[in-house]
Amino acid sequence: MSIGLDRFDRLLISELARNARLSNVELGDRVGLSSSAVARRIKALEDDGLIVGYHADFDFKRLGFAAMATVRVRLDSQSAEAMEAFEKAVAASPSILQCILVSGAGDYQMTVLAKDFADYEQILRIQLAALPRVAELRSDFAIRRILTRALPEQPPATPQRAGKPAKLKVSRQQGVK
């Protein structure tokens, strides 16, 4: 699906994915636009639903959550009714950070935070095992978080003059200048 984004929209999205706290002036400097043009483009990206929010990334351990589990879920049925009931219940479960529908051996994959393993056991017994239509739960625990990105990494945005890439002079004897 082509969304019709131009080079500047893509550069703005790339920069915001790296750091959503940049000011419009800083974004403009990075992508080669004025701050007012940046503000208009960001507003249009928000209005079109391409930017759906701005989020902080947290140090879970320092906030008291020492256990992070990836939980694979298999339902007893893949019917629309079973999936809708499960998804509605997941949305009401406070310990679940993320839940995605997956293909393969299971039906869903969830990320769950807990204070420690004893806390996770309580979450498992009270929240996760009570989810409707669950046939099987399998948990894997994170040792440490290595990387989190908002989007696949793109090369850093570099402003270009008049929308044209910089030209390199090439000499056979001296290489790139």
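Note: the structure precedes this text.
## Observations regarding the pairing of strand β2 (residues 96-101)
- Bridge analysis of β2 against strand β3 (residues 108-114) gives 5 bridges, and the strand direction is antiparallel. Within β3, the position partnered with Gln98 by the bridge is Thr111.
- Counting the residues that bridge the hairpin from β2 to β3 gives 6 residues, and of these Gly104 lies at a positive phi of roughly 115°.

## Some thoughts on the pairing of β3
- Taking burial as the measure, the 7 residues of β3 include 6 buried ones, the bulk of the element.
- In the sheet, strand β1 (residues 67-75) pairs with β3 via 7 bridges, with the strands oriented antiparallel. Its bridge partner lying in β3, Arg72 is registered against Gln109.

## Some details on the environment of Ala17
- Residue position: Ala17 is located in helix α1 (residues 7-18).
- As for Ala17 and Leu151, which are separated by 134 residues in sequence, their C-alpha atoms are 6.2 Å apart.
- The residues contacting Ala17, other than those within four sequence positions of it, are Ala150 and Leu151.

## Re unusual backbone geometry
- Positive phi outside glycine occurs at Arg133, with the angle close to 70°.
- For Arg133, a relative accessible area of 28% corresponds to the partly exposed category.

## A short note on the layout of surface pockets
- What the largest pocket holds in volume is close to 1500 Å³.
- Around the largest pocket sit 38 residues that line it, and Ala17, Thr148, Arg149, Ala150 and Leu151 are the ones nearest its centre.
- Considering each element in turn, the lining of the largest pocket owes the most residues, 7 residues, to α1.
- Partitioning the lining of the largest pocket into residue classes produces 21 nonpolar, 10 polar and 7 charged.

Each value, and the rule that gives it
Residues numbered from 1 in each chain as written. Predicted model: local features only at pLDDT ≥ 70, side-chain atom pairs only at ≥ 80, totals over all residues. Heavy atoms only, no water. Pairing = 2+ DSSP bridges. Helix = DSSP H or I, 4+ residues; strand = E, 2+ residues; numbered from the N terminus. Buried < 20%, exposed > 50% of the residue type's maximum accessible area, 1.4 Å probe, protein only. Contact = heavy atoms within 4.5 Å. 1 Å grid on protein atoms, 1.4 Å probe; cavity = no way out; pocket = protein on both sides within 12 Å on 5 of 7 lines; lining within 4 Å. Points joined across faces, edges and corners; volume = space filled by probe spheres on them. Nonpolar A, V, L, I, M, F, W, Y, C, P; charged D, E, K, R; others polar.

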